[in-house]
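In case you want the letters, here they are:
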Amino acid sequence: MRVLAVGGGAREHAIVAALVRSGADVFACLKNKNPGICKAAKGYTLVDENDVPRVVEFARASAVELAVIGPEAPLEVGLADGLRSAGIPTASPSRSAARIETSKSFMRELLSEHKIKGSIDFALVDTTRDLELALDKLGMNVVVKPTGLTGGKGVKVVGEHLMTREDVIAYGDEIFSKKIGGAARIVLEEKLIGEEFTIQAFCDGRRVVPMPAVQDHKRAYEGDKGPNTGGMGSYSQKGGLLPFLRKGEYDDAVKIMGDVIGALRKEGAEYRGTLYGQFMLTKEGPKVIEFNARFGDPEAMNVLSLLKSDFTSTCKRMADGSLSRKDAEFEAKSSVCKYVAPEGYGTKSLAGEEIDVDEQAIAREGARLYYASVNEKDGKVYTTTSRSVGIVGIADSIEDSERIAENALRHVTGRIHVRHDIAKKSMLDAKVRRMKDIRSGRI
Ligand code: AMP
């Protein structure tokens, strides 16, 4: 089958690899020359991924029979709608259904109106005066979010990024004046205490077929410190749970995702594509942090590296509305993904620097390599402002997967930034202890 894949990051490299593995001929639209995608694809074009007419034209010219969109920005401008209008079945949500990600205010209101479990206290705020009033009501235990897309970087947490009421007001004013996230609107939310986890699920408008849980690490620096980023690394555990996550809690989160798909359908926005739910496991169970209308990045690398079932057929069935349980069969293995980012990532990335990636040596260590937002020129790899390369180790245990990933990381050199602490035993043990304290009320 001929399949269009949109996007040029490591998530999209993982998507393309899974499509090719299941027999697809891939035609890629991407803005940067990702060496992994360009090598695996039958054809590609370097294009603005948000330019709907040009992407549709390339899809038509390539005679594709199916499309998959990786990043969120093309969903927001209605690329899935454009492709469907051109008669191309698409395994990604319409602009209207993608509001579950592209508008945090829509998401919070949907959950609260449909009384979906996992909802939290929030206020939608459009002026400084309303922000003051909302702070009076919710108190200072809050998180400040622009309502629109910010690539995971617009969220600021009181007590970590913002210390005083004045800091909150100042950041609010910055969001209003600069329209951070595309609108002068803030979602002020109750600050949740717990451990974060992600569940991604294939959806066909009605059914939700979940994948193994993953834990991402969004902070730029070791010890979960520093600014929020697109994500520095992630891990999954054999069997689909996480060291601190119980089966009943995983099931509760999947139920929330099913309820969200149902609510969207009632609102006339049928959701077809991968849905990403990010949850905080609190004392009272999983609460919703956010939804994404696509695979997570890095989380796509964990689950797609483990996927045994035929990904191309699953995408076709998401698009057709005919998913079944068989669409999510995974290797019984753990996985650890660590991202290589340019030096300075999180504040000011060193873009345009050459990095050396020894593909053969990485393969010899038994790790998978996914190229992210780099550019290839004359056989050399150059950084952009975003993340550069994802390395995934797979083994029975998280510990062994982590070791494989670390050994492979030695073969990526240059002015780079990596969080080596991700998925180390000491970190996992600390998370289990912390969750125990949260459950028992000690935290
Ligand atoms: P988001 O872009 O909504 O995923 O937020 C980025 C990060 O901010 C999350 O991964 C959390 O670490 C943190 N965060 C977001 N919302 C909340 C919340 N309501 N309570 C506590 N932390 C949050």
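For the structure itself, consult the block above.
Residues numbered from 1 in each chain as written. Predicted model: local features only at pLDDT ≥ 70, side-chain atom pairs only at ≥ 80, totals over all residues. Heavy atoms only, no water.

The next subject is the sheet that holds strand β5 (residues 122–125). Judged by pairing direction, the sheet is antiparallel, and its 4 strands sit side by side in the order β5-β8-β6-β7 without closing on themselves. Edge positions in the sheet fall to β5 and β7 (156–157), since each of these pairs with one other strand and no more. Those strands touched by helix α7 (residues 104–113) are β5, β6 (142–146) and β8 (186–190), and its axis lies near 140 degrees from that of β5. Helix α9 (residues 165–178) rests against β5, β6, β7 and β8 of the sheet, and its axis sits at about 15 degrees to β6. (Pairing = 2+ DSSP bridges. Helix = DSSP H or I, 4+ residues; strand = E, 2+ residues; numbered from the N terminus. Contact = heavy atoms within 4.5 Å. Axes fitted to C-alpha atoms, helices over the stretch in contact; angles between N-to-C directions.)

Tallied over the full model, the rule gives 5 aromatic pairs. Here the aromatic rings of phenylalanine 202 and phenylalanine 295 are separated by 6.3 Å at their centres, their planes lie at 85 degrees, and the arrangement is edge-to-face. A residue pair is termed long-range when its members are at least 10 positions apart, and phenylalanine 202 in strand β9 (residues 195–204) and phenylalanine 295 in the loop between β16 (285–292) and α11 (299–306) qualify at 93 residues. Accessibility expressed as a relative area gives 4% for phenylalanine 295, which makes it buried. Each ring, one from phenylalanine 279 and one from phenylalanine 291, has its centre 6.3 Å from the other, and the planes form 90 degrees; the classification is edge-to-face. With a gap of 12 residues between them, phenylalanine 279 in strand β15 (residues 272–282) and phenylalanine 291 in strand β16 connect regions that are remote in the sequence. (Phe/Tyr/Trp six-rings, centres within 6.5 Å; stacked < 30°, edge-to-face > 60°. Buried < 20%, exposed > 50% of the residue type's maximum accessible area, 1.4 Å probe, protein only.)

Our next topic: the state of the cysteines. Between two cysteines, a covalent bond joining their sulfur atoms is known as a disulfide. Across all of its chains, the model carries 0 disulfides by this definition. Between cysteine 29, a free cysteine, and cysteine 38, which holds the nearest cysteine sulfur, the sulfur-to-sulfur gap is 11 Å. Residue cysteine 337 stays outside any disulfide, its sulfur separated by 19 Å from that of cysteine 315, the closest cysteine. Residue class for cysteine 337 comes out buried when judged on its relative accessible area of 0%. (Disulfide = S-S within 2.5 Å.)

This next bit is on the side chain of glutamine 215. Structurally, glutamine 215 is set in strand β11 (residues 215–216). Glutamine 215 sits in the buried class, given a relative accessible area of 2%. At 2.9 Å, the side chain of glutamine 215 forms a polar contact with the backbone oxygen of glutamate 196. At a separation of 2.7 Å, a polar atom in the side chain of glutamine 215 contacts the side chain of tyrosine 235. Other than its neighbours up to four places away in sequence, glutamine 215 contacts Glu195, Glu196, Gly233, Ser234, Tyr235, Leu242, Phe244 and Lys431. (Polar contact = N/O pair within 3.5 Å; in protein donor to acceptor, adjacent residues only side chain to side chain.)

Once that is clear, we can look at the pairing of β9. Counting buried positions over the 10 residues of β9 gives 9, a clear majority of the element. Where β9 meets β15, 10 bridges bridge the pair, whose relative direction is antiparallel. Opposite aspartate 204, over in β15, you have arginine 272 as the bridge partner. In terms of strand pairing, β9 meets strand β10 (residues 208–210) through 3 bridges, oriented antiparallel. Paired with cysteine 203 across the two strands is valine 208, which belongs to β10.

All right, on to unusual backbone geometry then. In the Ramachandran plot, lysine 179 falls in the positive-phi region, its phi being about 50 degrees despite a non-glycine side chain. For lysine 179, the position within the fold is in the loop between α9 and β8. Although it is not a glycine, aspartate 224 adopts a positive phi angle of roughly 55 degrees. The residue aspartate 224 is located in the loop between β12 (219–221) and β13 (225–228) in this model. For aspartate 224, a relative accessible area of 31% corresponds to the partly exposed category.

Assignment of secondary structure puts lysine 225 in strand β13. Residue lysine 225 is classed as exposed on the basis of its relative accessible area, which comes to 52%. Along the sequence, lysine 225 and glutamate 160 sit 65 residues apart, while their C-alpha atoms lie 8.6 Å from each other.

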